[in-house]
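Working through the structure, step by step
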Amino acid sequence: MKVVGLSICRTGADLNEPLPMSIHNDLSSFGYFQRPSVKEMLLFLTKTFLKRTEPGQRQSVEHEGYVVHCYVRTDGLAGTVTTDTE
């Protein structure tokens, strides 16, 4: 399992979508011209799955060869770890 992305976000009822506070992606295994689209996909997956995770809950969602592990605390702080399925 290779970690592809880490993110810390702020969620809550007052926000329409999760607000990224810190994001790091390891795109070294992708080609130079693939990196922008992979980075955009990782951000999209992070925001989408955090919206679907209830406060105080954890979930792991598999999508097209990646697994996004999500955790949303009750105070609105959320984090994701995106890995490949290998």
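As a reminder, the structure under discussion sits directly above these lines.
As the structure is a prediction and not an experimental result, all values here were calculated from the model.

1. Points about the overall build of the protein
Helix and strand counts for the protein come out as 1 helix and 5 strands. In the protein, the order of α-helices and β-strands from amino to carboxyl end is β-β-α-β-β-β. For 86 residues, the compact-globule formula gives about 12 Å, and the C-alpha radius of gyration of the protein, at 13 Å, lands near that figure. Projecting the C-alpha coordinates of the protein onto the three principal axes gives extents of approximately 40 × 20 × 15 Å. Within the protein, the fraction of its 86 residues that count as buried is 35%. Sequence separation of at least 24 residues holds for 38% of the intrachain contacts in the protein that already meet a minimum separation of 6. For the protein, the accessible area works out to roughly 5,700 Å², and carbon and sulfur atoms hold 53% of it. One finds the centroid of the 9 positive side-chain charges in the protein at a distance of 5 Å from the centroid of its 10 negative side-chain charges.

2. Some details on the side chain of Asn 25
Following the sequence through the fold, Asn 25 ends up in strand β2 (residues 19-25). Its relative accessible area of 19% is what places Asn 25 among the buried residues. Once residues within four sequence positions are removed from consideration, Asn 25 is found in contact with Val 4, Gly 5, Lys 39 and Leu 42.

3. A short note on the pattern of salt bridges
All chains considered together, the criterion is met by 3 salt bridges. The salt bridge involving Lys 47 is made with Glu 17; its shortest N-O contact spans 3.0 Å. One end of the pair, Lys 47, is in helix α1 (residues 35-51); the other, Glu 17, is in the loop between β1 (3-10) and β2, and 30 residues separate them in sequence. Of the charged contacts, one joins Arg 73 and Asp 75 as a salt bridge, the two residues approaching to 2.5 Å between their closest N and O atoms.

4. Concerning the packing of aromatic side chains
Taken as a whole and assessed by the stated rule, the structure comprises 1 aromatic pair. Taken together, a centroid distance of 5.2 Å and an interplanar angle of 85 degrees make the contact between Tyr 32 and Phe 33 edge-to-face. Side by side, Tyr 32 and Phe 33 carry an identical accessibility label, which is exposed.

5. Digging into the side chain of Thr 53
Take Thr 53: it is sitting in the loop between α1 and β3 (58-63). For Thr 53, the side chain forms a polar contact with the main-chain oxygen of Phe 49, separated by 2.7 Å. Excluding its chain neighbours within four sequence positions, the residues that come into contact with Thr 53 are Gln 59, Cys 70 and Val 72.

6. Details of empty space enclosed by the protein
A probe matching the size of a water molecule, rolled over the atoms, marks out where space remains unfilled. Counted by the stated rule, this structure contains 1 cavity of 30 Å³ or more. Each pocket or cavity is described by its volume, and for the largest cavity that value is around 60 Å³. Among the secondary structure elements, those contributing two or more residues to the lining of the largest cavity are β1, β2, α1 and β5 (77-84).

Thresholds applied
- Residues numbered from 1 in each chain as written.
- Predicted model: local features only at pLDDT ≥ 70, side-chain atom pairs only at ≥ 80, totals over all residues.
- Heavy atoms only, no water.
- Helix = DSSP H or I, 4+ residues; strand = E, 2+ residues; numbered from the N terminus.
- Rg over C-alpha atoms; globule rule 2.2 N^0.38 Å.
- Buried < 20%, exposed > 50% of the residue type's maximum accessible area, 1.4 Å probe, protein only.
- Contact = heavy atoms within 4.5 Å.
- Areas by Shrake-Rupley, 256 points an atom, 1.4 Å probe, with all protein chains shown as cover.
- Lys, Arg positive; Asp, Glu negative; His and termini not counted.
- Charge placed at Lys NZ, Arg CZ, Asp CG, Glu CD.
- Salt bridge = Lys/Arg side-chain N within 4 Å of Asp/Glu carboxyl O.
- Phe/Tyr/Trp six-rings, centres within 6.5 Å; stacked < 30°, edge-to-face > 60°.
- Polar contact = N/O pair within 3.5 Å; in protein donor to acceptor, adjacent residues only side chain to side chain.
- 1 Å grid on protein atoms, 1.4 Å probe; cavity = no way out; pocket = protein on both sides within 12 Å on 5 of 7 lines; lining within 4 Å.
- Points joined across faces, edges and corners; volume = space filled by probe spheres on them.

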